[in-house]
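Summary of the model geometry
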Amino acid sequence: MGETGKQFADGVLAVTGGGSGVGEGLARYAASLGMAVAIADIDHEAARAVADDLVRSGGKALARKVDVRDLGAMDAFADEVYGELGPVTLLINNAGIEQFGYLWDVPEVSWHRLIDINVTGVFNGVKAFVPRMVRAGVPSRIWNLSSMGGVSVGPRQAPYIVSKHAVLALTECLKLELESAEIDVSVAAILPGPVTSRIFESAGGVESGDRAAGEAERTAMLKVKDAAMSPLEAAERVFAQGAAGDFYLLTHPEMAALPWPSGVSSSAREAPHDSSRASSTPPVGERLVGYSNRAVHHMRDKIGTVCCGSGKPPRWYSWNNP
Ligand SMILES: NC(=O)c1ccc[n+]([C@@H]2O[C@H](COP(=O)([O-])OP(=O)(O)OC[C@H]3O[C@@H](n4cnc5c(N)ncnc54)[C@H](O)[C@@H]3O)[C@@H](O)[C@H]2O)c1
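The present account deals with the structure reproduced in this document. Given the structure is predicted, the values throughout are model-derived calculations rather than measurements.

Describing the packing of helix H4 (residues 71–85) against helix H5 (residues 108–136)
- Contact geometry for H4 and H5: axes closest at 9 Å, N-to-C directions at 35 degrees. Relative to H5, the crossing made by H4 is right-handed. Taken together, the residues of H5 that come into contact with H4 (itself represented by Leu71, Met74, Asp75, Phe77, Ala78, Asp79 and Tyr82) are Gly121, Asn124, Gly125, Lys127, Ala128, Phe129, Arg132, Met133 and Ala136.
- Here the residues of the contact of H4 with H5 sort into nine nonpolar, three polar and four charged.

Here's the deal with helix H8 (residues 231–243)
- Compared with the 18 Å implied by 1.5 Å per residue over 13 residues, the 18 Å span of H8 between its first and last C-alpha is a close match.
- Taken as a whole, H8 has its buried residues at Ala234, Ala235, Arg237, Val238, Phe239, Gln241, Gly242 and Ala243.
- Looking at the residues trailing H8, positive phi occurs at glycine 245, about 85 degrees.

Describing the site of the ligand
- Near the ligand, the surroundings consist of 28 residues, among which Ser20, Val22, Asp41, Tyr160 and Ser197 are the closest.
- The contact in question runs from an oxygen atom of the ligand to an N or O atom on the side chain of aspartate 41, over 2.6 Å.
- A distance of 3.2 Å separates a nitrogen atom of the ligand from a polar atom in the backbone of isoleucine 42.
- Burial of the ligand by the protein amounts to 94% of the accessible area it has alone, namely 830 Å².
- Of all the secondary structure elements, the ones that give two or more residues to the shell around the ligand are helix H2 (21–32) and helix H6 (158–180).
- Among the residues making up the shell around the ligand, the classes are represented as 13 nonpolar, 10 polar and five charged.

Structural notes on the nonpolar core
- In terms of nonpolar packing, the biggest core is built from 42 residues, with Phe77, Val88, Phe129 and Met133 touching the most fellow members.
- If you list the elements that add at least two residues to this core, you get strand E1 (12–16), strand E2 (36–41), H4, H5, H6, strand E6 (185–191) and strand E7 (248–250).
- Sorting elements by how many residues they give to this core places H5 first, with nine residues.

Here we look at the side chain of asparagine 124
- Turning to its location among the elements, asparagine 124 is positioned in helix H5.
- Here the side chain of asparagine 124 touches valine 68 through a polar contact of 2.8 Å, landing on its backbone oxygen.

Some words on the pairing of strand E3 (residues 61–65)
- Bridging between E2 and E3 involves five bridges; their strand directions are parallel. In the strand pairing of E3, isoleucine 39 is matched with alanine 63.
- Once you follow E2 into helix H3 (residues 44–56) and on to E3, the crossover reads as right-handed.

Thoughts on H2
- A rise of 1.5 Å per residue sets the reference length of H2, with its 12 residues, at 16 Å; its end C-alpha atoms lie 17 Å apart and thus fit the reference within 8%.
- For H2, the complete set of buried residues consists of Gly21, Gly23, Gly25, Leu26, Ala27, Tyr29 and Ala30.
- Positioned one or two residues after H2, glycine 34 has a phi angle of 100 degrees, which is positive.

Topic: the environment of leucine 33
- Along the polypeptide, leucine 33 turns up in the loop between H2 and E2.
- Taking relative accessible area as the criterion, leucine 33 reaches 13% and is therefore assigned buried.
- Contacts of leucine 33, omitting those with residues within four sequence positions, involve Thr4, Gly5, Phe8, Ala9 and Phe239.

Description of the pattern of salt bridges
- Following the criterion strictly, the structure yields 16 salt bridges and no others.
- Of the charged contacts, one joins arginine 198 and aspartate 43 as a salt bridge, the two residues approaching to 3.6 Å between their closest N and O atoms. Here the residue arginine 198 occupies a position in the loop between E6 and helix H7 (211–226), and aspartate 43 occupies one in the loop between E2 and H3, the gap between them amounting to 155 residues.
- Under the relative-accessibility criterion, arginine 198 is labelled partly exposed at 45%.
- For aspartate 43, a relative accessible area of 31% puts it in the partly exposed group.

Things to note about the packing of H5 against H6
- H6 packs onto H5 with a crossing angle of 15 degrees between their chain directions and a minimal axis gap of 9 Å. When the interaxial angle is binned, H5 and H6 end up roughly parallel. Read as a crossing pair, H5 and H6 show a hand that is right-handed. Across the interface between the two elements, Trp111, Leu114, Ile115, Asn118, Val119, Val122, Phe123, Val126 and Val130 from H5 touch Pro159, Tyr160, Val162, Ser163, Lys164, Ala166, Val167, Leu170, Leu174 and Leu178 from H6.
- The class makeup of the residues in the contact of H5 with H6 is 16 nonpolar, two polar and one charged.

Conventions we followed
The written sequence of each chain sets the order in which its residues are numbered from 1. It should be noted that, the model being predicted, local features are given only for residues of pLDDT at least 70 and side-chain atom pairs only at 80 or more, the latter also being counted only at that level, while totals for whole chains, interfaces and linings use all residues. Excluding hydrogens and water, the side-chain figures rest on all heavy atoms present in the structure. Only the stretch in contact is used when fitting a helix axis, every axis being a line fitted to C-alpha atoms; angles between N-to-C directions are given from 0 to 180 degrees. Labels follow the DSSP assignment, with helices taken as runs of H or I lasting at least four residues and strands as runs of E lasting at least two, numbered in each case from the N terminus. Should the near helix be turned counterclockwise from the far one by less than a right angle, the crossing is left-handed, whereas a clockwise turn marks it as right-handed. Here, residues are in contact when the closest pair of their heavy atoms is within 4.5 Å. Lys, Arg, Asp and Glu make up the charged group, whereas Ala, Val, Leu, Ile, Met, Phe, Trp, Tyr, Cys and Pro make up the nonpolar group; the residues left over, Gly among them, are polar. By this rule the span expected of a helix is its residue count minus one, scaled by 1.5 Å. The classification of residues rests on relative accessible area computed with a 1.4 Å probe and restricted to protein chains. Under 20% of the type maximum is buried, over 50% is exposed, and intermediate values are partly exposed. Consider each residue's heavy atoms; a residue with any of them within 4 Å of a molecule or strand counts as near. In the analysis that follows, any N or O atom pair within 3.5 Å is treated as a polar contact, provided that within protein one partner can donate a hydrogen and the other can accept it, and provided that, for residues neighboring in sequence, both atoms belong to side chains. For accessible areas, the Shrake-Rupley method is used with a probe of radius 1.4 Å. Any residue's cover is judged against the shown protein chains and nothing else. Among the buried residues, those of types Ala, Val, Leu, Ile, Met, Phe, Trp, Tyr and Cys that are joined through side-chain atoms within 4.5 Å form a nonpolar core. Any two strands with at least two DSSP-identified bridges between them are counted as paired. Think of it like this: strands point away, you trace from the first strand over the helix to the second, and a clockwise trace means the crossover is right-handed. For this document, the term salt bridge refers to a Lys or Arg side-chain nitrogen within 4 Å of an Asp or Glu carboxyl oxygen. Should an angle fall under 35 degrees it is taken as roughly parallel, and over 145 as roughly antiparallel, whereas 65 to 115 is taken as roughly perpendicular and any remaining angle as oblique.

Here is the structure:
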């Protein structure tokens, strides 16, 4: 058994949105390491299909219909997981949705829905699980799904990008808080690049205004998906970096090798994915004291940030006059 297997085998994973895409890959990979897996998903059928499959392959798994926007439902899920599978050693707050269109065209209800799922859903996971992790007294971990969109900006996906910056900030704060409270729960942020999933198909669009602009963005992102990584490969990379104790868990380290200061942590630099272009960065701890990686970036170079979207290659924008 490799180092990753040694660290995670016999543990219990609770993952939200584990019925599809990134979450499904994380659930399946965790099970392959010997973890029991609890899946919370608003799509009960999808979650149950994954859990049934894991059980058929000899694993331990359960699936529950949970809307991550509902703290009561997350609490009930946590109770069931602790009761049926034992103490959760890894919580992955993964459930998330996308939204396309110019910000002024985005329906108010879609804005609130996205922020409630992508940001409040993560908060609810923390609220439901941290007290139970403390009571159980078992060293445990929380990984939250940000995105490469959490360290970049782009047009026609603003609600999503805002939410992923927020999740990264939430996760950085949570790490500092757990450390300062001397609680044995470690925290990491997962920043995937393109991974095969249903997120763009099920993304919201706009009903009035420039519908075509929103749909053009969806088409561009669906094209990006043609070259996306499989969820299982993404999960393998994430778990390897998690086992190495990294804070930023990347599926595509070469994307972070663009000259932004979030950079790449040591184990990600060693990943086989075009690691030659990775930039050297200070240890994660240094970046975390006081400032988020984005703040350091903005202050250091007085440049904007990398911008992607509409299938165009990433480029740099200067927010200031040269
Ligand atoms: N796929 C990518 O390329 C990519 C890149 C960066 C980040 N991410 C992040 O990965 C996470 C998973 O996305 P994905 O791409 O696998 O999408 P996906 O649509 O394939 O899967 C998302 C899952 O979340 C579930 N879900 C949606 N709303 C929910 C709710 N309110 N409560 C509970 N479950 C809910 C869905 O039913 C689905 O099973 C998201 O947070 C996303 O932002 C994905």
